[in-house]
Each structure stands twice: as structure tokens, then as C-alpha cells.
Amino acid sequence: MTATQALPAAGIRRRGPHLSGLAWLTWRQHRSAFWTGFLLLAAFAVFVITQRLDMVAYIEAHHLAGCVYQSPESRCEGVNAFRGHFYNLMHYTGLLVSFVPLVIGVFLGGPLLSRELENGTYALSCSQSVSRTRWIAYKLGVPALVTLIGTGALSALYTWWWRPADTLLRGMYWYQSPPFNNVGVVPVAFSLLALVTGAAIGMVLRRTVAAMVVTCAVSVVGWVALNLLRPHLWPVREVTAHQITADFYGSPAPLGLFTPTAWPLDLPNKSYSSWNVDYGYLTSSGHHFTSGACGDFTDASAHCLKVHDVVGVWAQYHPASHFWPLQWATTAVLLAATAAVTAFSIWWARRRA
């Protein structure tokens, strides 16, 4: 064998892990989207690291460690200044992060299958001794793995940034989005659901642009529905207070001091960091009475409350300790929906695609 003679193809072997077959094909088809996502994630990591270092240095310099929102300690007076310095940046960054599942669903999930079905190129894969089940498994599995890794890292970064400011930024805050939909496991589960939903819609419609538009609409509706459902995914706590006296009736002035929206913040055993879910009036028999049933705060409404024998108020709320139970309960709902949509996609691929 001469020095210029080529080595047999069988003698050339790749070292280390590498993709092959449908996994390699799926990666190659969507590598631009994957690499764009990873580059944006790297840029976000640099941003979060610098911001967190600045925030931790501020907390240490002003001795705010261990303080909470509305703390009576004199050393914690700087909490409001801290909120003014860091709240907007963290909040609006969180809003941008909240759109990540939507972007994944529309720009990755929507074209994932619809493009091949629209162009007819899926038939080439299925003609190479590849079953439809295996085809759909790889087409969904590889992007799902990339999504899991990417959004998991994104969530970990935002959680790491938010954690030192958790107690300092509380006060009708922890249950909002952000940070609730940006930290923990919820954004990962929501991104996976958006991905498989976009893929399923694309499989049914077989048109890329139509799939992207419908996926966007479905994702927005799903996001709104999830936020409406979320307070009911974990048992609420209820507290009552008998604060209305006989002197209250007949005088409209004190009535304004007992606005139902303000009551839950002042009820016993309820902190400022709690999530007020529902509230209203309490009758002498212990029944709930709708807070708006007596109209505006006037002499007439005071008489109305007296007629209905209102003696106090009630409130249902989630304390801050419910953050992680609500996270896991929300994630369970999202993963169940993801499993259902994935099962539908496999069934459709085998029967209809």
C-alpha cells in the first residue's frame, strides 16, 4: 500500500459521542434554531451573572441580608431603595423570559413537522425502512431534549438571580409573572408543552405559516388559562375577622376604611407577601357574602350590609410558603397536557400523516 493510497472507509471511525441516523438528520435540519438559542442563552448567562454580583454586593453593603418587605427593623429601611434599584430590571427581564415558551412553540414547534409534510420530504425518511412511529419519536425527541436543556438552564439562571432578592422583593410579588413563570420547573414544562403543541398543530394543518399563527394563538390562550387556573391548584387558607361594629352602620365615613381589597392585608395571621385569591363579607351565621353585593360605599350600602347581618370579613389566600407546592402542581398539569399532546401526535402520525 502506497502512502497516497486512501484508507478503507471502514477504517475511519469517529471518536467520542456523535449523532447518526434520524437524530443527526433532525439536528441538521434545525441546527440554526438550536445554535441561535444556545448563543442567546450564553448572552443571558453573562447578563445574569453581572447583575446578580451587583445585587449581592448592594445587599451586603447596605446590610439587607435577612430583611423582608415591610420589615419593622430599622436596618431594613433600605428595602424600598433596593426595590427601586433592582425591581424594574428584574421584572422586565422576566417579562422577556416569559415569552420563551411562545417563541419555542411558534418558531420551533410550528415548522417542526409542517414543513416536511408541506414539502413532502417526510416520505423520503419513511421510505428508508423508518417507521412513522420512529420518525415522529426522533422529530419530537431531539428538539424536546434541546428545549429541556436550554430552558432548564434559563430557568436556573433566573432562579439564581432572583433568589437573593426573594424576601426583599416580596409584597404581592412572588405569585406574579414574573417571577412565578420564570423560576423553578414551570418554564421548562411550559416550553415542552408549547413545542409539542406547535408540532401537533403543524402535523394536522400541514402548512408552516398557518401552523405558526395557530400555535401563537393557542399558546397565548393556554397561558391565560393557566394563570386563571393556578390559584386553584393548591388548597387556599382562609381567615376571618369580626371588625364591623354597630357604630359602623349609619356612618359612611368608616365604611371606606373597610374596603374589602384592603382587609386581607390587615387580617390576623396574614403577611404582606400572601396572594389574595378571594375575599368578602361575613354574616353572623358564618356564611360568605359577596363583597360587591351592596354596591358603592354609601349610606345605602351600609344599610344593605346591616340588612344582611354582616358582622365581619373573610379572605382566602396563598401564603408565600405555597410557592413551591404551586410550582409543582402547575408543572404536573403542564406535563400531563404535554403527554396527552405527544400521544395524539404519535397516533396521528401512525394513522393520518
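None of these values were measured; they are calculated from a predicted model.

K.L.:
So, the overall build of the chain: which residues are in play, and what are the values?
P.N.:
Helix and strand content of the chain: twelve helices and four strands. The buried share of the chain, reckoned over its 353 residues, is 44%. Long-range pairs, those at least 24 residues apart, make up 81% of the contacts in the chain with a sequence separation of at least 6. Within the structure as shown, the chain displays about 18400 Å² of accessible surface, and the carbon and sulfur contribution to it stands at 63%.

K.L.:
Now, about the pairing of strand E4 (residues 310-318): what can you tell me, with residues and values included?
P.N.:
By the criterion of burial, E4 is predominantly enclosed, with seven of the nine residues buried. As judged from the five bridges shared by strand E1 (residues 237-241) and E4, these two strands associate in the antiparallel manner. Within E4, the position partnered with Val 239 by the bridge is Ala 315. Pairing of strand E2 (residues 275-283) with E4 involves eight bridges; the strand directions are antiparallel. Within E4, the position partnered with Tyr 279 by the bridge is Ala 315.

K.L.:
Give me the lowdown on the side chain of Thr 197, citing residues and values where you can.
P.N.:
Relative to the elements of secondary structure, Thr 197 occurs in helix H7 (residues 186-205). Within the structure, Thr 197 has its side chain in polar contact with the backbone oxygen of Leu 193 (distance 2.6 Å).

K.L.:
Now, about the sheet that holds strand E3 (residues 288-290): what can you tell me, with residues and values included?
P.N.:
Judged by pairing direction, the sheet is antiparallel, and its four strands sit side by side in the order E1-E4-E2-E3 without closing on themselves. This sheet does not close on itself; its edge strands, each paired only once, are E1 and E3. Between one strand axis and the next, the sheet turns through 40 degrees on average, direction left out of account.

K.L.:
Provide a residue-level description of the environment of Leu 157, including the pertinent values.
P.N.:
Its place among the elements puts Leu 157 in helix H6 (residues 132-162). Aside from chain neighbours lying at most four places away, what touches Leu 157 is Leu 41, Phe 44, Ala 45 and Val 48.

K.L.:
Give me the side chain of Thr 208: which residues, what numbers.
P.N.:
Looking at the element boundaries, Thr 208 is found in helix H8 (residues 208-229). Reaching out from Thr 208, the side chain makes a polar contact with the side chain of Ser 114 at a distance of 3.5 Å. Excluding anything up to four places from it in sequence, Thr 208 contacts Pro 111, Ser 114, Arg 115 and Glu 118.

K.L.:
An account of the confidence of the model for the chain is requested, with residue identities and associated values reported.
P.N.:
Residues of the chain with pLDDT of at least 70 account for 76%, and the chain-wide mean is 78. In this model residues 1-12 is a low-confidence stretch, pLDDT under 50, and it forms zero contacts with partners more than four residues away in sequence or in other chains. Every residue in residues 245-270 is under pLDDT 50, and counting partners more than four places away or in other chains gives 51 contacts.

K.L.:
Account for the packing of aromatic side chains, naming residues and giving values.
P.N.:
This model, assessed by the stated rule, comprises 13 aromatic pairs. Ring geometry for Tyr 58 and Phe 86: centres 5.4 Å apart, planes at 80 degrees, overall edge-to-face. With a gap of 28 residues between them, Tyr 58 in helix H2 (residues 31-61) and Phe 86 in helix H3 (residues 79-98) connect regions that are remote in the sequence. Side by side, Tyr 58 and Phe 86 carry an identical accessibility label, which is buried. For the pair Trp 347 and Trp 348, a centre-to-centre distance of 6.0 Å together with 65 degrees between the ring planes defines the contact as edge-to-face. Its end group placed over the ring of Phe 180, Arg 230 keeps NZ or CZ at 4.2 Å from the ring centre.

K.L.:
Describe the packing of H2 against H6, with residues and values.
P.N.:
Their axes nearest at 9 Å, the elements H2 and H6 cross at an angle of 10 degrees. Comparing the axis directions of H2 and H6 gives the class roughly parallel. Seen from H2, the contacting residues are Phe 34, Phe 38, Leu 41, Phe 44, Ala 45, Phe 47, Val 48, Ile 49, Gln 51, Arg 52 and Met 55; seen from H6, they are Val 142, Pro 143, Val 146, Gly 150, Ala 153, Leu 154, Leu 157, Tyr 158, Trp 160 and Trp 161. Partitioned by chemical class, the residues of the contact of H2 with H6 number 18 nonpolar, two polar and one charged.

What counts, and where the lines are drawn
- Residues numbered from 1 in each chain as written.
- Predicted model: local features only at pLDDT ≥ 70, side-chain atom pairs only at ≥ 80, totals over all residues.
- Heavy atoms only, no water.
- Helix = DSSP H or I, 4+ residues; strand = E, 2+ residues; numbered from the N terminus.
- Buried < 20%, exposed > 50% of the residue type's maximum accessible area, 1.4 Å probe, protein only.
- Contact = heavy atoms within 4.5 Å.
- Areas by Shrake-Rupley, 256 points an atom, 1.4 Å probe, with all protein chains shown as cover.
- Pairing = 2+ DSSP bridges.
- Polar contact = N/O pair within 3.5 Å; in protein donor to acceptor, adjacent residues only side chain to side chain.
- Axes fitted to C-alpha atoms, helices over the stretch in contact; angles between N-to-C directions.
- pLDDT = per-residue confidence, 0-100.
- Phe/Tyr/Trp six-rings, centres within 6.5 Å; stacked < 30°, edge-to-face > 60°.
- Lys NZ or Arg CZ within 6 Å of the ring centre and 35° of its normal.
- Parallel < 35°, antiparallel > 145°, perpendicular 65-115°, else oblique.
- Nonpolar A, V, L, I, M, F, W, Y, C, P; charged D, E, K, R; others polar.

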